[in-house]
Amino acid sequence: MNAPRELPTPQPAEPASQRAARQTEVVAALAAVLPSHALLYRREDTTPYECDGLTAYRETPLVVALPETDAQVAAVLKTCHAMGVPVVARGAGTGLSGGAMPHALGVTLSLAKFNQILKLDVLARTATVQCGVRNLAISESAAPHQLYYAPDPSSQIACTIGGNVAENSGGVHCLKYGLTLHNVFKVKGYTVEGEAVAFGSDALDAPGLDLLAVVVGSEGMLVVITEVTVKLTPKPQLARCIMASFDDIRKAGDAVAAIVAAGIIPAGLEMMDKPMTAAVEDFVHAGYDLSAEAILLCESDGTPEEVAEEIARMLDVLSGCGATRLEVSKDEAQRLKFWSGRKNAFPASGRISPDYMCMDSTIPRKRLADILLAIAQMEKKYRLRCCNVFHAGDGNLHPLILFDANDPDELHRCEQFGADILETSVALGGTVTGEHGVGIEKLSSMCVQFSPEEREQMMALKRAFDPTGLLNPGKVIPTLHRCAEYGRMHVKKGLLPFPELERF
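Owing to the predicted nature of the structure, the values given are computational and were not obtained by experimental measurement.

K.L.:
Please explain the pattern of salt bridges as it appears in this structure.
P.N.:
Pairs may arise between side chains of opposite charge once their charged atoms sit close together. Enumeration over the complete set of coordinates arrives at 24 salt bridges. A salt bridge links D152 to K343; its shortest N-O distance comes to 3.4 Å. A residue pair is termed long-range when its members are at least 10 positions apart, and D152 in the loop between β7 (147-148) and α5 (161-167) and K343 in helix α11 (residues 332-343) qualify at 191 residues. For D152, a relative accessible area of 7% translates into the label buried. With a shortest N-O distance of 2.4 Å, E456 and R463 are connected by a salt bridge. Under the relative-accessibility criterion, E456 is labelled partly exposed at 38%. Overlapping salt bridges bring together R250, R367 and D370 as one network.

Given below as structure tokens:
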């Protein structure tokens, strides 16, 4: 478990002259299907696309294409397929697992110009939007009709719906309202060959295999998404939030499990540890209890009667679990203030550290305290600080490891720390992924959770959609060679905590 996480596999290096020749060839081919302003290839123009929200790893794309129509997307894909050029689709670049990191010899397909809301059907409670529409913009457009789009990632002011579909994003209200998958009816896009495809339907179900569930969360490996039909949810009449303080992390973790065990499904159930609380309170002044070892944000929404009953039930449970302080939002302004701290956890961490790496794993709710206590020991082991914030209701962790990327040793220790968190999550009965995807960040950790046979089935699914392997190559599914190398690292150090590694 303590072996360093393997760095992303280096992409094949070519002499500068060969790269330049290839670039010239690709630019010439794409210039035939795109206007000149939609094609970037000079270094100063392509550098802004060298990474997504995971800034520790960077690569300069050969070319950046910015199509404006579906026909142009199809043409770019057909051209690249014919030339054997890899394609990496990109939305707003807010992803945190390196899923949109460019290929050195490939085309980054930016879909930023697909930003139109095509249809708002109030009666059907759906919105059909282009993939580049911001998450929050959907709710803003539906607000006059007392509707909204429920999934609300912390980056919702910037992240796009296409990226949300690619990663199956959640948000602070995912416990009650579900992830992206549960709020999408239909997805349209194009295969690697430039063929138009659609998954799902405008109805509640679609004939044939449920391939919508395959495409949502596929991280740009199967198709390029251009259009999404989402479910709109009626705004609740009332919402109130409890801020509960605990003097012990285990008590807070037990309280999460106790709430769900009591048959209560809060609209939101989030947890922050003491370092995270201090960071966000200094940033947004949300009124958090700085003396608490952990705080929970527990929200109820619905009719006034429903909210009153549910708040009372949650207060009883929290009190019984040893909460040292309980505060219920008095009005909408205070409720939003409570949530502002949670929503600003990432920028708050950026204020106290040159860099941070946000991990993303999922564990059983009953093991929340165990993982937090384990992370506390890892902080000492790797000599790095870690602030913890997560969707406690569904066990989705977001530890933020603080480090300085300008210090190679700190980056190395950060990678070790992150790998340790992910593998400990598996050991506790969880998974290495939550809502941020695998990308390049978790490739080696996938070797721990999934057997060679399981990984081959994943690859077989990709080949069914993308036989040539040109869509977002080198991401999500680790190769057998990569896992063998990772296994040997563990064996060399005498570390075999998981049966899977004994295969190597």
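Here the narrative resumes.
K.L.:
Honestly, the packing of helix α9 (residues 274-284) against helix α12 (residues 345-352) in this entry has me stumped. Any pointers?
P.N.:
Two measures define how a pair of helices packs: the angle their axes make with one another and the distance between the axes. The interhelical angle for the contact between α9 and α12, taken along N-to-C directions, is 90°, at an axis separation of 9 Å. Judged on the interaxial angle alone, α12 and α9 are roughly perpendicular. Where α9 approaches α12, its residues M276, A279, V280, D282 and F283 are matched on the opposing element by A345, P347, A348, S349, R351 and I352. Of the residues in the contact of α9 with α12, the class split is eight nonpolar, one polar and two charged.

K.L.:
What's the story with the sheet that holds strand β4 (residues 107-110) in this structure? I'm lost.
P.N.:
Ordered in space as β1-β2-β4-β3, the four strands form an open sheet in which the pairing is mixed. In the strand order of this sheet, the two ends are held by β1 (39-40) and β3 (87-90), each with one partner. The pairing of strand β2 (residues 63-65) with β4 spans three bridges and is classified as parallel. In the sheet register, V63 faces β4, and the bridge partner there is V107. Helix α1 (residues 16-31) rests against β1, β2 and β4 of the sheet, and its axis sits at about 15° to β2.

K.L.:
For this particular structure, what's the right way to read the layout of surface pockets?
P.N.:
To find leftover empty space, one rolls a probe the size of a water molecule over the atoms. In this structure, the second largest pocket encloses a volume near 670 Å³. Considering the residues around the second largest pocket, the lining is formed by 27 residues, among which D152, Q156, H173, R335 and L336 are closest to the centre. At the level of elements, α4 (135-142), β12 (238-246), β14 (294-302) and α11 are the ones that each hand at least two residues to the lining of the second largest pocket. Sorting elements by how many residues they give to the lining of the second largest pocket places α11 first, with six residues. For the lining of the second largest pocket, a count of residues per class yields 13 nonpolar, six polar and eight charged.

Conventions we followed
Residues numbered from 1 in each chain as written. Predicted model: local features only at pLDDT ≥ 70, side-chain atom pairs only at ≥ 80, totals over all residues. Heavy atoms only, no water. Salt bridge = Lys/Arg side-chain N within 4 Å of Asp/Glu carboxyl O. Helix = DSSP H or I, 4+ residues; strand = E, 2+ residues; numbered from the N terminus. Buried < 20%, exposed > 50% of the residue type's maximum accessible area, 1.4 Å probe, protein only. Axes fitted to C-alpha atoms, helices over the stretch in contact; angles between N-to-C directions. Parallel < 35°, antiparallel > 145°, perpendicular 65-115°, else oblique. Contact = heavy atoms within 4.5 Å. Nonpolar A, V, L, I, M, F, W, Y, C, P; charged D, E, K, R; others polar. Pairing = 2+ DSSP bridges. 1 Å grid on protein atoms, 1.4 Å probe; cavity = no way out; pocket = protein on both sides within 12 Å on 5 of 7 lines; lining within 4 Å. Points joined across faces, edges and corners; volume = space filled by probe spheres on them.

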